[in-house]
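# Chain and residue survey
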Amino acid sequence: EGDLRKAFQAVDKNRSGVLELPNVRAALLGLDPTFSEEDIKDVLKSIDMDESGVVSWEEFKRIFEMSSDDDD
C-alpha cells in the first residue's frame, strides 16, 4: 500500500487529498503527451467511482488494488 500511496501523492500535486481533473491531466500528459482532453476526462470518469468529479484516496486504492490482484 505504501507504493500506491506514493503514486497517489505524486499525482495530488496540490495536496488536496483528491485527484482532480488538472492532476489527472498533468499525470497522463506526462506519460503520453498525445492524450486528448476527451481521453483524460474519460480516465477520470472511469476511476471516479462515486461520480463526485474527483478521485479520493479510497477510490484510487480500490481501483488499483483490484488491478494488482488481477495480475496474480
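Here we summarise the structure given alongside this text. The structure presented is a predicted model; accordingly, all values stated were derived computationally and were not measured.

In this section: the overall build of the chain. Across its full length, the chain carries four helices and two strands. Listed by position from the N terminus, the elements making up the chain come as α-β-α-α-β-α. In summary, the chain has a C-alpha radius of gyration of 12 Å against a globular reference of 11 Å for 72 residues, a match within 12%. Its C-alpha atoms give the chain principal-axis dimensions of about 30 × 25 × 25 Å. Burial analysis of the chain (72 residues in total) assigns 25% to the buried set. Pairs at least 24 residues apart make up 38% of the contacts formed inside the chain by residues separated by at least 6 positions.

For the rest of this paragraph, the subject is the layout of surface pockets. Empty space within the largest pocket amounts to approximately 240 Å³. In terms of lining, the largest pocket is formed by A7, V11, L19, V24, A27, L28, L31, V43, I47, F60 and F64. Of all the elements in the fold, those that place two or more residues in the lining of the largest pocket are helix 1 (2-11), helix 2 (21-31), helix 3 (37-47) and helix 4 (57-70). When residues of the lining of the largest pocket are assigned to their parent elements, the largest contribution, four residues, is made by helix 2. In terms of residue class, the lining of the largest pocket is made up of 11 nonpolar, no polar and no charged.

This part takes up the nonpolar core. Core analysis: the largest hydrophobic core is formed by 13 residues, its most contacted members being F8, L19, V24, V55, W57 and F60. The set of elements that each furnish at least two residues to this core consists of helix 1, helix 2, helix 3 and helix 4. W57 has contacts with E1, L4, R5, F8 and G17, leaving out every residue within four places of it along the chain.

Looking now at the environment of D48. Tracing the sequence through the fold places D48 in the loop between helix 3 and strand 2 (55-56). For D48, a relative accessible area of 8% translates into the label buried. In sequence terms D48 and I63 are 15 residues apart; their C-alpha atoms lie 9.4 Å from each other. Not counting the four nearest positions on each side in its chain, D48 is found in contact with G53, V54, V55 and E59.

Another point: unusual backbone geometry. Although it is not a glycine, R15 sits at a positive phi angle of roughly 55°. Structurally, R15 can be placed in the loop between helix 1 and strand 1 (18-19). Even without glycine at this site, E51 takes up a positive phi of about 55°. Looking at E51, the relative accessible area reads 73%, which means it is exposed.

Rules behind the numbers
Residues numbered from 1 in each chain as written. Predicted model: local features only at pLDDT ≥ 70, side-chain atom pairs only at ≥ 80, totals over all residues. Heavy atoms only, no water. Helix = DSSP H or I, 4+ residues; strand = E, 2+ residues; numbered from the N terminus. Rg over C-alpha atoms; globule rule 2.2 N^0.38 Å. Buried < 20%, exposed > 50% of the residue type's maximum accessible area, 1.4 Å probe, protein only. Contact = heavy atoms within 4.5 Å. 1 Å grid on protein atoms, 1.4 Å probe; cavity = no way out; pocket = protein on both sides within 12 Å on 5 of 7 lines; lining within 4 Å. Points joined across faces, edges and corners; volume = space filled by probe spheres on them. Nonpolar A, V, L, I, M, F, W, Y, C, P; charged D, E, K, R; others polar. Core = buried A, V, L, I, M, F, W, Y, C linked by side-chain atoms within 4.5 Å.

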